[in-house]
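# Examining the three-dimensional arrangement
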Amino acid sequence: MTAAASKKPDHVYLVDGSGYIFRAFHALPPLSRSDGTPTNAVLGFCNMLLKLVEDSDAEYIAVIFDAGRKTFRNDIYADYKAHRPEAPPELIPQFALIREATRAFNVSAIEMPGYEADDLIATYATQAAARGNEVTIVSSDKDLMQLVGDRIALFDPMKNRKIGEAEVLEKFGVKPDKVVDVQSLAGDSSDNVPGVPGIGIKTAAELINTYGDLDTLLAKAGEIKQPKRRENLVNNAELARISRDLVTLKRDVPVEHGLDEFVKREIDGAVMEFVTKNEFRSLAAKLNARLGEASIKATRAAGGFTAPVATPSAAPAATPSAATAPAVKIGEGYELVQNEAALLRWIEAANKSGALAFDIETTSLNVNEAKLVGMSLATQAGKACYVPVGHIGTTGDLLGGGAEAPKQIPLARAIELLKPLLEDAAVLKIGHNIKYDMAVMARYGVTIAPIDDSMLISYVLEGGAHGHGMDELSELHLGHATIKFGDVAGTGKQQVTFDHVSLDKALAYAAEDADVTWRLHETLKPRLIAERLMTIYETIERPLIPVVAQMERDGVKIDAKELQRLSQDFASRMGEIEREIHRIAGTEFNVGSPKQLGEILFDQLKLPGGKKGKTGAYATGADVLEELTVTSGHPLPQKVLDWRQLSKLKSTYADALPLAINPETGRVHTSFALAATSTGRLASTDPNLQNIPIRTEEGRKIRRAFVAEPGHILLSVDYSQIELRLAAEMAEIEPLKQAFRDGADIHAMTASQVFGVPIEGMDPMVRRQAKAINFGIIYGISAFGLSQQLGIGQGEAKAYIEAYFKRYPGIRDYMDRMKKIAREKGYVETLFGRRCYVPGINDKNPARRSFMERAAINAPLQGTAADIIKRAMIRMPAAFAAAGLKGRMLLQVHDELLFEVPVAEKDEASRVARAIMEGAHLPARQISVPLIADAGTGMNWAEAH
DNA sequence: GTGTTCACG
DNA sequence: GACGTACGTGAACACA
């Protein structure tokens, strides 16, 4: 035994497998294998286990599971855990997989019928502590807190923090040995432990601290002053005792396996089979590297090499202390940089390494309002620092306790020192959503280049599979729970801006972000080559960053006065309509409440129909109200529709947009999200300028408030029918392609081909139906969808689709092909090779599956169109410059680009923009139908369109 | 925080 | 044939 030989006691890790799976399942984004089996919790578990095996000082490891729902506690109290809902269906297959994973990692998986995992953990922890071992229980279950002691600690793998005596005291208000007493009184609604009514944790702790323990308290319950509390305690003493039996963990379970069986074993090749089967690509890469390393070491050792083997990470791994295990690497050893000498050392290190991860902290997520508070740098995994430049001390409470502004390098000086590095062409700057850092730093006169972006790399690799925020990716690829912003700056009303955060907290948070960014880059960048996605990243996503950043910075001019006039007009008309609605309904109610409206329409007025959705509320959407106008002839639904339109226009646009005007520039600066959609499109937020009204006359009034500077005009250039053209191309619909080449009326042609009517003198209704079919093709047509769109029966819709397929067999082939590819690979591809993941394509729920199938059909079309306009955007600034144009590109709305150009440039700018857009696919791809872009100009956006 | 509704492509 | 639908977004509001 090693225990006797070494001074340090052996370290035993007991992992609460059942607890982990529930928490990981809810904390991690949904992921699944290409056969549809969900795997998010399994991947989280594997990452956690790997870290434990590789990075901790564990001598013994076991994972403990619940064997079944029924335990001896049900004999004590039949309702124990009775309220527990059934596990969600996506979780169920993961239980078995996690046991499988445990064995694949060569770790003991322990369970025992009749006992909960918690009891087994209590038993083993007690045994191990008794023989002098140190015990870490990996779990965030508060029920295990009663076990904490000198030799036993908890480690919360989701929050990545140790739970010792201090944390238990914080949670329960008592030391670990009294936790049971507090729980017996307070009860636990999630486990259905009754406790004493009216007593929560706060009160329970107060009582136990006064009386010492539960028995003494119950014996002296009569002395308690508060009458209600006294009565409850006296009457429910037995309930408290039963509760105690329920929450007290059994430390003497007659276990079948001894601690010695848990001795840590090395991971071997068996694990690869498991991770491959479950399609854990980045984990496989990590394991491959480690297994390779291990086998090299073994070979060298066998060959008698005596020289030390160099490891890739230069820093020797520190021996993990009990306080921080098992997450030793991320989050440790960061440096707070408060003087120039220290900063210069980091700059030198970055120059040497040729790359640095860079991240800034500011007072706002909004680029234009953000003030720089600090910068963090990482120059290798685990080597990171934080440079505060704008901290203004902490705000104290009423008793004081606030702190003075801390020592830091003056902002201007820090920027002066860092600017050459950030602009150095020989040093790669890696950021996570670096567009933000670039935009803020640009305001301080720094132009960051060259760049890489770990968020966009992740987006190119796995767009549509999950989100790409740093927190989520850290969990996914590094198995590390990052410190959350709310953890350092507070949440809700107490949240403060980062300049008020204390330096120690700021260091831990900010330096970790740079460290994690570095590691994500290290993990993900090589995959771009391995998975043949480097081209998408290097020719589309990365070059788009500065282009979009410039558009955001330029912003668009808005006529606030005009919007205020519109708002007043809308308000007065809404008031009139509202009075009429109340008069017709016979009661006053909130027209804006779908619930109240539904009750008025269907319960009170007894209008026909009235379908309740899954939440039990009547549906009152526009389609329902329009239908109701026809079927009932009642005037109310139309009034509500009118009111809703005005209400939408007023609150979302007329009132909100003026508030978004930046006082310094006098313009509105949206933010384009580069990694938000599953298809490659951009998304616009804060405010969303991609959904400014245009379809109705009232709505167009809003668009008129988007104006050009004096001496300028707005130029709008949009692709004509781009997705349908791409459908013709990608589905090889020859007649459709020919029609586009001929510049024919595409919908009339479809009508002619499908319904067999001549184009000359065609009924507009017939053309309209054909148009709906053409749109349907892009969306992954369904009989139901088409019937809804056209207001016809499903049978009729089905017949149309059949006719279409018969006429154009290519489209059916295309649809089947996309579904097959999505099922087999989990993603579909655009013409340019962008992957669009379609998770859930193999779902056993047919509704969800159909949904994902239609997404798989649509994504290559929508995504290719997105690729093309992005290529155009990237070329636009240079094309304008080459033509001597001063015009600026302001907005992108999926198939449209909006420019602001000097009046004199009107024609030339239109010509250049159209040429760039129409040739954007070249030379990378040839498309056998022409891409057409139409240009329009005007004093405002409505005129230009 | 979730669901409904509606603005856009 | 099941099951609930056209694809992709973001913001405001009501309600829990």
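In this numbering scheme, every chain counts its residues from 1 along its sequence in written order. Each chain takes a letter, starting from A, and each ligand takes a number, starting from 1, following the order in which they are written. Totals for whole chains, interfaces and linings use every residue, but because this is a predicted model, local features are given only for residues with pLDDT of at least 70 and side-chain atom pairs only at 80 or more, for both listing and counting. Water and hydrogen atoms play no part in the side-chain values, which are based on all heavy atoms of the structure.

### Description of the sheet that holds strand 11 (residues 428-431)
The strands making up a sheet associate through backbone hydrogen bonding, with each pair oriented either parallel or antiparallel. Which entries qualify depends on this criterion: Here a strand pair is declared whenever DSSP counts at least two bridges between the two strands. Secondary structure elements are taken from DSSP: a helix is a run of H or I of four residues or more, a strand is a run of E of two residues or more, and numbering for both begins at the N terminus.
Taken together, the six strands give an open sheet; going across it, the order is 7-10-9-8-11-12, and neighbouring strands pair in mixed fashion. With one partner strand each, in any of the chains shown, strand 7 (335-336) and strand 12 (451-453) form the two edges of the open sheet. The pairing of strand 8 (residues 355-362) with strand 9 (residues 372-380) spans six bridges and is antiparallel. Paired with Asp359 across the two strands is Ser376, which belongs to strand 9.

### Things to note about the environment of Lys162
Within the fold, Lys162 resides in strand 6 (residues 161-163). Sequence-wise, Lys162 and Ala221 are 59 residues apart; in three dimensions their C-alpha atoms are separated by 36 Å.

### With respect to the nonpolar core
Note the cut-off: We call a set of buried residues a nonpolar core when its members are Ala, Val, Leu, Ile, Met, Phe, Trp, Tyr or Cys and they connect through side-chain atoms within 4.5 Å of each other. Residue burial is assigned from relative accessible area. The probe radius is 1.4 Å, only protein chains are included, and a residue is buried under 20% of its type maximum, exposed over 50%, and partly exposed in between.
Counting residues in hydrophobic clusters, the biggest one holds 169 residues, and the most contacted among them are Ile702, Ile811 and Phe899. Counting 67 residues, the second largest nonpolar core, distinct from the first, contains Val373, Leu478, Leu507 and Ala511.

### Brief notes about helix 26 (residues 636-654)
Here is the rule we go by: How far a helix is expected to stretch is found by multiplying one less than its residue total by 1.5 Å.
In a regular helix each residue adds 1.5 Å, so 19 residues correspond to 27 Å; helix 26 covers 25 Å between its end C-alpha atoms and thus fits that length. Taken as a whole, helix 26 has its buried residues at Leu636, Pro637, Val640, Leu641, Trp643, Leu646, Ser647, Leu649, Tyr653 and Ala654.

### A few points about the protein's contact with DNA strand C
Applicable threshold: One heavy atom suffices: a residue is near a molecule or strand as soon as one of its heavy atoms comes within 4 Å of it. The term polar contact refers here to a pair of N or O atoms within 3.5 Å; inside protein, the definition further demands a hydrogen-donor-capable atom paired with an acceptor-capable atom, and it admits residues adjacent in sequence only when both atoms are side-chain atoms.
Taken together, 36 residues form the shell around DNA strand C, and within it Ser593, Asp686, Asn688, Phe784 and Arg854 come nearest. Near the protein, within 4 Å, the atoms of DNA strand C are sugar or phosphate in 61% of cases. Within the backbone of Ser678, an N or O atom sits 3.0 Å from a phosphate oxygen of DNA strand C. If you list the elements that add at least two residues to the surface near DNA strand C, you get helix 24 (594-604), helix 26, strand 16 (683-685), helix 32 (764-779), helix 33 (783-790) and helix 36 (846-882). When residues of the surface near DNA strand C are assigned to their parent elements, the largest contribution, nine residues, is made by helix 36.

### A word on the pairing of strand 18 (residues 712-719)
Of all eight residues making up strand 18, seven are buried, and the element is well covered by its neighbours. Pairing of strand 18 with strand 22 (residues 896-902) involves seven bridges; the strand directions are antiparallel. Looking across to strand 22, one finds that Asp718 is bridged to Glu896.

### Brief notes about the environment of Leu922
Mapped onto the elements of the fold, Leu922 is located in the loop between helix 37 (906-918) and strand 23 (933-938). In this structure the C-alpha to C-alpha distance between Leu922 and Gly173, which are 749 residues apart in sequence, comes to 68 Å.

Honestly, it's all geometry; don't read function into it.
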